[in-house]
Amino acid sequence: MESKNKHFKVLTLAGCLLASMASASVFASQLVIMQNEPPRSMDPGNQTATFTGTVLDPMYEGLTRLGDDGKIIPALALSWTSDDSGLNWTFTLRPNVKFHDGTPFNADAVVENFQRHLNTQRGLAGSGKIRTFIQDVKKKDELTVTFQLKKINPAFLTVLASGPGLMVSPKADKAGSINNKADGTGPYKLVQYKSGEYVLEQKNPDYWGKSSGPDEIKWTWSSEPSVMNMALQSGQVDIINPVPPQFAGMLKNNANVNLKQSPGAAVFWVDLNTQSKALSDVRVRQALNFATDQQALVKAIMFGYAQPANSALAPVDPNYDNSLHNYPYDLQKAKDLLKAAGYADGFPMSIAVQAPDARTAQVLQGMWSKIGVKLNVRQMESGVWTKAAFADGKEKAAQGTDAVLASWSSGLYGSDLQLRPLYHTSSFAPGGANLGFFSDKQTDDLIDTAASTLDDAKRKDLYFQAQKQISGLAPQVLLFYQDDLYAARKNISGVVMQPGGQIVVRDAVKQ
């Protein structure tokens with residue numbers, strides 16, 4: 001009876017949502033997209049979430065941009081040069097560009113954008129990507145800026161195209177409104193952000209470039225997979241991203257829908273709080289890895305649309321090490337390690353998860369119970385989870401948060417942006433995404449040296465060493481690499497999916 005009631009509630013929720021969407025004024029030129037979580041900020045430099053980046057992409061631009069083929073192309077900068085040292089760069093800016101609030105885009109705006117990230121007092125979520133290697137940014141003239149780097153970074157131009165490199169209106173930033181009201185230079189501008197409901201974007205009539213996209217883009221969200229599935233199949237939304245794996249087969253067989261699937265760049269893992277008493281012991285962390293049946297997890301949770309993870313980098317990364325296989329499923333090995341660490345009878349621990357990941361945590365709860373680990377699953381709404389996950393060590397201790405279930409993808413942005421935010425000592429939360437406060441000098445040195453190594457073969461070798469070092473110290477329990485899946489109605493074209501799950505819809509066509 002209980003399961004029937006639960007099923008009824010889900011259907012009622014879906015029905016209410018679809019009814020409200022159907023009653024809204026929907027134009028033929030309005031593209032409606034549903035994702036599985038709400039945006040975390042309207043400021044691209046104060047967030048690191050893939051699906052927030054998807055919402056913000058039509059409204060913001062950087063000096064550079066990733067083309068559909070993953071190669072760097074000009075955006076707000078027309079051209080750039082560097083000196084022989086590779087540490088000093090000069091950028092020529094695009095003239096006659098304005099932010100959505102009318103503020104001119106110029107060298108002053110660029111300097112102010114980067115200074116806010118170099119200012120350690122600001123504490124913006126994306127600043128770590130910038131502060132690691134950029135020393136200073138200066139105005140040369142109205143349309144020329146110079147960058148001084150602390151060290152060579154082969155990914156410099158790529159970083160400029162990512163979150164903290166995207167230009168926000170200095171006026172809006174100073175007013176403190178940018179977290180809730182997007183203000184960029186992109187082909188779309190924010191009309192309304194109704195927290196908890198939707199984001200509505202409209203074509204920017206003053207855009208400097210060309211845009212072939214729809215008149216409006218509307219973003220909605222639901223953490224309930226059945227709601228996403230029904231919304232697309234009934235035609236109430238045009239695109240869902242990501243596709244809930246349990247409905248992928250059904251959507252694949254729907255003649256009115258196109259399911260797009262590609263190898264994913266997102267790594268799903270459990271970040272272990274290395275400051276917690278039990279988890280400070282590497283043997284305990286290794287035991288949890290041995291007690292995790294990845295194949296069974298992929299089958300139960302991902303319905304085959306994922307692959308077990310063996311490394312902190314995903315297979316789509318050119319520096320991925322396929323040879324790592326440190327933790328085959330081995331309950332006896334796990335028990336032996338716990339016994340050696342003084343936890344023969346196991347121990348209790350808690351994990352913070354978002355609604356879409358609750359089922360994964362419950363499966364882990366069952367698996368780890370076989371070695372005596374009593375996992376308390378704390379399911380949280382997205383905003384609450386973010387605060388808990390990115391809390392500092394003191395706050396996590398007060399919360400009793402021993403682990404966080406999370407995912408991370410640097411997409412096309414490179415190995416450094418996958419490893420540094422998660423495993424470098426300088427990236428401790430809340431300033432970075434090292435949620436478990438993992439600190440290892442050898443890992444730090446390998447990440448730093450690799451980031452400034454221009455020779456591809458040498459850089460790859462350094463990243464191989466870093467992956468082995470991280471794997472051995474087990475600051476996390478690696479779970480799986482999720483396939484990138486999105487689905488669109490058959491009348492939608494022009495959507496591009498980047499590795500990691502971010503879709504680009506600014507030039508989408510709705511027929």
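Data block above holds the structure.
Residues numbered from 1 in each chain as written. Predicted model: local features only at pLDDT ≥ 70, side-chain atom pairs only at ≥ 80, totals over all residues. Heavy atoms only, no water.

(A) Quick peek at the nonpolar core. Grouped together as the largest cluster of nonpolar side chains are 41 residues, with contacts concentrated most on Val 270, Leu 288, Phe 347, Met 349, Leu 364, Trp 368 and Leu 479. Contributing elements (two or more residues each) for this core: strand S13 (267-272), helix H9 (282-290), helix H10 (294-302), helix H11 (331-340), strand S15 (348-354), helix H12 (358-369), strand S17 (403-408) and strand S18 (476-482). Here the element with the most residues in this core is H12; it accounts for 6 residues. Leave out the neighbours within four places in its chain, and Trp 368 touches Val 270, Leu 288, Ala 291, Thr 292, Met 349, Val 373, Leu 375 and Val 477. Counting 33 residues, the second-largest nonpolar core is a separate cluster that includes Trp 269, Met 380, Phe 390 and Leu 419. (Core = buried A, V, L, I, M, F, W, Y, C linked by side-chain atoms within 4.5 Å. Buried < 20%, exposed > 50% of the residue type's maximum accessible area, 1.4 Å probe, protein only. Helix = DSSP H or I, 4+ residues; strand = E, 2+ residues; numbered from the N terminus. Contact = heavy atoms within 4.5 Å.)

(B) View of the sheet that holds strand S4 (residues 77-82). If you walk across this open sheet you meet the 4 strands as S4-S5-S7-S6, and the pairing is antiparallel. Unpaired on one side and paired on the other, S4 and strand S6 (134-141) mark the two borders of the sheet. Taking the axes of each pair of neighbouring strands and ignoring which way they run, one obtains an average angle of 20 degrees across the sheet. Pairing between S4 and strand S5 (residues 88-93): 5 bridges, direction antiparallel. Looking across to S5, one finds that Thr 81 is bridged to Thr 90. Against the sheet, helix H3 (residues 107-118) touches S5, S6 and strand S7 (144-149), its axis set at about 165 degrees to S6. (Pairing = 2+ DSSP bridges. Axes fitted to C-alpha atoms, helices over the stretch in contact; angles between N-to-C directions.)

(C) Local environment of the side chain of Asp 440. Here Asp 440 lies in the loop between helix H15 (416-423) and helix H16 (441-451). One buried charged residue, Asp 440, forms no salt bridge at all, with the nearest opposite charge on Arg 285 at 8.5 Å. Reaching out from Asp 440, the side chain makes a polar contact with the side chain of Gln 469 at a distance of 3.0 Å. When near neighbours in sequence (up to four residues on either side) are disregarded, Asp 440 contacts Thr 425, Gln 469 and Leu 473. (Lys, Arg positive; Asp, Glu negative; His and termini not counted. Salt bridge = Lys/Arg side-chain N within 4 Å of Asp/Glu carboxyl O. Polar contact = N/O pair within 3.5 Å; in protein donor to acceptor, adjacent residues only side chain to side chain.)

(D) Local environment of the pattern of salt bridges. Inspection of the entire model under this criterion finds 19 salt bridges. We note a salt bridge from Glu 61 to Arg 506, for which the minimum N-O separation is 3.9 Å. Within this pair, whereas Glu 61 is found in the loop between helix H2 (50-56) and strand S2 (64-66), its partner Arg 506 is found in the loop between strand S22 (503-504) and strand S23 (509-510), the two being separated by 445 residues in sequence. Like Arg 506, Glu 61 is buried. For the salt bridge of Asp 321 with Lys 468, the shortest nitrogen-to-oxygen distance reads 2.9 Å. One end of the pair, Asp 321, is in the loop between strand S14 (306-308) and H11; the other, Lys 468, is in helix H17 (residues 456-473), and 147 residues separate them in sequence.

(E) Quick peek at the sheet that holds strand S11 (residues 239-241). Strand order in the open sheet formed by 7 strands is S8-S9-S10-S1-S11-S19-S12, with mixed pairing between adjacent strands. The open sheet has two free edges, formed respectively by strand S8 (188-194) and strand S12 (257-262), since each of these has just one partner strand. Averaged over all adjacent pairs, the angle separating strand axes in this sheet is 20 degrees, with direction ignored. Where S12 and strand S19 (residues 484-489) come together, 6 bridges link them in antiparallel fashion. If you follow Leu 259 over to S19, its bridge partner there is Ala 487. Each of S11, S12 and S19 is contacted by helix H8 (residues 245-252), which is oriented at about 130 degrees to S12, the strand it contacts most.

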